[in-house]
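Structural features, examined
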Amino acid sequence: FELINHDVIKPIYLEVDKIWHLACPGSPIHYQLNPIKTAKTSFLGTHNMLGLARKNKARIFLASSSEIYGDPLMHPQPEDYKGNVNNIGIRSCYNEGKRIAETLCFDYKRIHGSEIRVARIFNTYGPRMLLDDGRVISNFIVQALRGNPIIIYGDGSQTRSFCYVKDLINGIYKFMNSDISGPLNLGSSIECTILELAKQITKKINPKLELLFKPLPDDDPKRRNPDIRRAKEILDWEPSVQLSDGIDYTISYFRNLLI
Ligand code: UDP
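Residues numbered from 1 in each chain as written. Predicted model: local features only at pLDDT ≥ 70, side-chain atom pairs only at ≥ 80, totals over all residues. Heavy atoms only, no water.

1. Points about the site of the ligand
- In the vicinity of the ligand there are 17 residues, among which Val136, Tyr153, Arg160, Asp220 and Arg224 approach most closely.
- At 2.9 Å, a side-chain N or O of Asn123 approaches an oxygen atom of the ligand.
- Within the backbone of Val136, an N or O atom sits 2.8 Å from an oxygen atom of the ligand.
- If the ligand stood free it would expose 510 Å²; the protein chains cover 95% of that surface.
- Among the secondary structure elements, those contributing two or more residues to the shell around the ligand are α4 (136-145) and β5 (150-153).
- A per-class count over the shell around the ligand returns 7 nonpolar, 4 polar and 6 charged. (Near = heavy atom within 4 Å. Polar contact = N/O pair within 3.5 Å; in protein donor to acceptor, adjacent residues only side chain to side chain. Areas by Shrake-Rupley, 256 points an atom, 1.4 Å probe, with all protein chains shown as cover. Helix = DSSP H or I, 4+ residues; strand = E, 2+ residues; numbered from the N terminus. Nonpolar A, V, L, I, M, F, W, Y, C, P; charged D, E, K, R; others polar.)

2. Considering the side chain of Arg160
- Assignment of secondary structure puts Arg160 in strand β6 (residues 159-161).
- Looking at Arg160, its side chain comes within polar contact range of the main-chain oxygen of Pro221, at 2.8 Å.
- Apart from residues lying up to four places away in sequence, Arg160 is in contact with Asn123, Ile190, Glu191, Cys192, Ile194, Asp220, Pro221 and Arg224. (Contact = heavy atoms within 4.5 Å.)

So this is what it looks like as structure tokens:
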């Protein structure tokens, strides 16, 4: 096993038989820090990885995102929904980046016969997230363990559907070894509001914690919920870890980390 620390924006020549292309920060606060770099990572990075795959005749997995649906107007979102995306907003570097990354994959397939596997990953969480990841489940858990108020953006009525990391990895693995190109939604079909999530986490850690409401960032999707029928039918895959159990595993991880 060899670990090479390399920026996918620059080309690289290696002998490989499979490429798992997950490069790009996924947390809004992180991908918005340097949005031009985020867009370059998705476009140039994916272009370089597709070139590498082509040279090696290697299969390539692309970690695309539910963000390609933008602020969806259709619920749940099936793979053939085209989305409702702002192309000039603060999330555009990521959602338009993932859209062009998907476009590149399908053009490589059409033109060069590349073996692509394009997954649209919905909100995922679990142990080994960074303390300062910035996404909602790790934020709420870390705030609660530190005895700080729980910061909710907006009124908390927006929804997400959370998939435990182990389930997601299992889905990615099955998809890579299948014979379909996708795009394929991977995520949990169980939707919950951010306010419900905050209550669930504080109940487990400290029910007396204050919930603090702050303004909702621009273009924050109001509802997000994948239609995962395709993954169920083709891969015989669906998440098995309940949100409450997954939150427990994640709390123990952060509790140990903070000790
Ligand atoms: N959110 C929140 N408090 C936080 C972090 C996020 O209320 O500390 C909200 C955020 O505004 C969004 C939802 O939780 O509506 C999910 O945010 P996250 O950053 O996890 O991922 P997103 O699905 O927006 O990419």
